[in-house]
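Chain residues, written in single-letter form:
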Amino acid sequence: LDGKAPSINSLKYDAPFFVDESVVVKAMAVDGDDNSPIITRQLHAVNQAENGLDWKLYRDIEERFQIGSNRKADANGIAYSFDLRPIAEGENNFELHFEGDLQIDVAGNYAFYTQQDDAIKLFIDDRLVVDASENRWRNSAEGNIFLSAGKHRLKVEYFDNIAFEFLEIQYESE
């Protein structure tokens with residue numbers, strides 16, 4: 001957890017560990033004299049008292065992205081990531097909407113990347129940034145936007161037709 005590439009002499013973790021701030025973790029598996037390639041993952045600590053994404057689940061959707069403002073959600077809650085499993089695993093023909101604030105510390109151009117099965121629209125401050133509304137398996141898309149420092153309203157509309165549901169969202173400054 002010190003940001004250095006691991007070696008055979010690095011501290012071993014053989015149980016779960018927790019972080020209280022966002023960190024980059026570099027890890028490898030060691031089995032005797034064999035070492036796996038090093039993997040790198042960004043872990044984000046979330047203060048659940050202050051952060052989270054409001055979500056609303058809409059079932060039995062016939063046409064994607066056509067939910068009217070008068071339709072009541074079938075379920076709702078708060079999520080701390082875009083993980084679909086605890087909300088809609090095994091569901092079909094549904095939309096899941098996430099809304100929350102995105103904190104940007106440094107103004108600049110930001111690229112947003114998505115992978116999804118089936119379709120997604122990603123909005124920032126009501127501006128459509130990523131439009132992957134076509135119905136495809138493992139569809140990927142990206143979009144760019146200039147963001148000032150401060151909080152920005154993030155809205156994600158996700159649609160799943162049948163079978164596998166998958167959503168991954170990443171962003172980076174350019």
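The rules behind these values
- For every chain, the first residue of its written sequence is number 1, and the numbers climb from 1 along that sequence.
- Per-residue local features are limited, in this predicted model, to residues with pLDDT of at least 70; the limit for side-chain atom pairs, both in listing and counting, is 80 or more; totals at the level of whole chains, interfaces and linings are taken over all residues.
- Derived side-chain values reflect all non-hydrogen atoms in the structure, with water molecules and hydrogen atoms excluded from consideration.
- Think of a 1 Å grid over the protein atoms and nothing else: a 1.4 Å probe that fits but is trapped marks a cavity, an open set flanked by protein within 12 Å on at least five of seven lines marks a pocket, and residues with an atom within 4 Å of a point count as lining.
- Grid points are joined across faces, edges and corners, and a volume is the space filled by probe spheres set on the points.
- For the purposes of this entry, the term helix denotes a DSSP run of H or I that reaches at least four residues, the term strand denotes a run of E that reaches at least two, and both are numbered from the N terminus.
- Each nonpolar core is a collection of buried residues, namely Ala, Val, Leu, Ile, Met, Phe, Trp, Tyr and Cys, held together in the definition by side-chain atoms within 4.5 Å.
- Note on exposure labels: buried denotes an accessible area under 20% of the residue type's maximum, exposed denotes more than 50%, and partly exposed covers the range between, all computed with a 1.4 Å probe on protein chains only.
- Should any heavy atoms of two residues lie within 4.5 Å, those residues are considered in contact.
- Two strands qualify as a pair provided DSSP detects at least 2 bridges between them.
- Orientation is described by axes fitted as lines to C-alpha atoms, over the contacting stretch for helices, and by angles from 0 to 180 degrees between their N-to-C directions.
- Any pair of Phe, Tyr and Trp rings, taking the six-membered ring for Trp, is counted once the centres come within 6.5 Å. Such a pair is stacked with planes under 30 degrees apart, edge-to-face with planes over 60 apart, and tilted for the rest.

Novice: Please explain the layout of surface pockets as it appears in this structure.
Specialist: What the second largest pocket holds in volume is close to 480 Å³. Lining the second largest pocket are 22 residues, with Pro 6, Ser 10, Leu 11, Tyr 13 and Lys 26 sitting closest to its centre. Sort the elements by how many residues they give to the lining of the second largest pocket and strand S1 (residues 23–27) lands first, with four residues.

Novice: Would you mind going over the nonpolar core with me for this structure?
Specialist: Most often, soluble globular proteins keep nonpolar side chains buried together rather than apart. In terms of nonpolar packing, the biggest core is built from 29 residues, with Leu 96, Phe 98, Phe 112, Leu 122 and Ile 124 touching the most fellow members. With five residues, strand S7 (residues 94–104) is the single largest residue contributor to this core. For Leu 122, the residues in contact, after removing those within four places along its chain, are Phe 112, Thr 114, Arg 127, Leu 128, Val 129, Val 130, Leu 154, Lys 155, Val 156 and Ile 169.

Novice: Which parts of the structure should I look at to understand the sheet that holds strand S9 (residues 119–124)?
Specialist: Within a beta sheet, neighbouring strands are joined by backbone hydrogen bonds and run either parallel or antiparallel to one another. As summarised here, the arrangement of the six strands in space is S6-S5-S7-S12-S9-S10, forming an open sheet in which the pairing is antiparallel. The two strands at the open ends of the sheet, each matched to only one other strand, are strand S6 (75–79) and strand S10 (127–132). Mean inter-strand twist for the sheet, computed between neighbouring axes without regard to direction, equals 15 degrees. Both S7 and strand S12 (residues 150–160) contribute to a ladder of eleven bridges, which runs antiparallel. From the neighbouring strand, Glu 95 faces S12, where its bridge partner is Phe 159.

Novice: Would you explain the sheet that holds strand S13 (residues 166–173) in this entry?
Specialist: Pairing is antiparallel across the open sheet formed by three strands, whose spatial order is S11-S8-S13. Of all strands in the sheet, those bounded by a partner on one side alone are strand S11 (139–147) and S13. Direction aside, the axes of adjacent strands within the sheet are offset by 15 degrees on average. Pairing between strand S8 (residues 108–117) and S11: nine bridges, direction antiparallel. Residue pairing across strands places Tyr 113 opposite Glu 142, the latter belonging to S11.

Novice: Any chance you could explain the packing of aromatic side chains here in plain terms?
Specialist: Here a ring pair, both rings aromatic, is described through the centre-centre distance and the interplanar angle of the planes. Taken as a whole and judged by the stated rule, the model has five aromatic pairs. Centre to centre, the rings of Phe 94 and Tyr 158 are 5.9 Å apart; their planes meet at 50 degrees, and the pair counts as tilted. Of this pair, Phe 94 sits in strand S7 while Tyr 158 sits in strand S12, and the two are 64 residues apart along the sequence. Across the pair, exposure class does not vary: Phe 94 and Tyr 158 are buried alike. Members of the aromatic cluster, joined through ring pairs, are Tyr 110, Phe 112 and Tyr 171.

Novice: Quick question: what am I supposed to make of the side chain of Glu 91 here?
Specialist: Note that Glu 91 resides in the loop between helix H1 (85–88) and S7. The residues contacting Glu 91, other than those within four sequence positions of it, are Leu 57, Arg 59, Asp 160, Ala 163 and Glu 165.

Novice: Before we go on, may I ask you to explain the pairing of S8 in this structure?
Specialist: Working note: regular strand, side chains alternate between the two faces of the sheet. With seven of ten residues buried, S8 is to be regarded as a mostly interior element. Sheet topology note: the S8/S13 ladder contains eight bridges and is antiparallel. Its bridge partner lying in S13, Gln 115 is registered against Glu 168.

Novice: Is there a simple way to explain unusual backbone geometry in this structure?
Specialist: Of all residues except glycine, most have a negative phi; of all peptide bonds, most are trans. At Asp 60, a position not held by glycine, the phi torsion is positive, near 55 degrees. The phi dihedral of Asp 125 falls on the positive side, at around 50 degrees, and the residue is not glycine. Looking at where Asp 125 falls in the secondary structure, it is placed in the loop between S9 and S10. The partly exposed category is assigned to Asp 125, whose relative accessible area is 40%.

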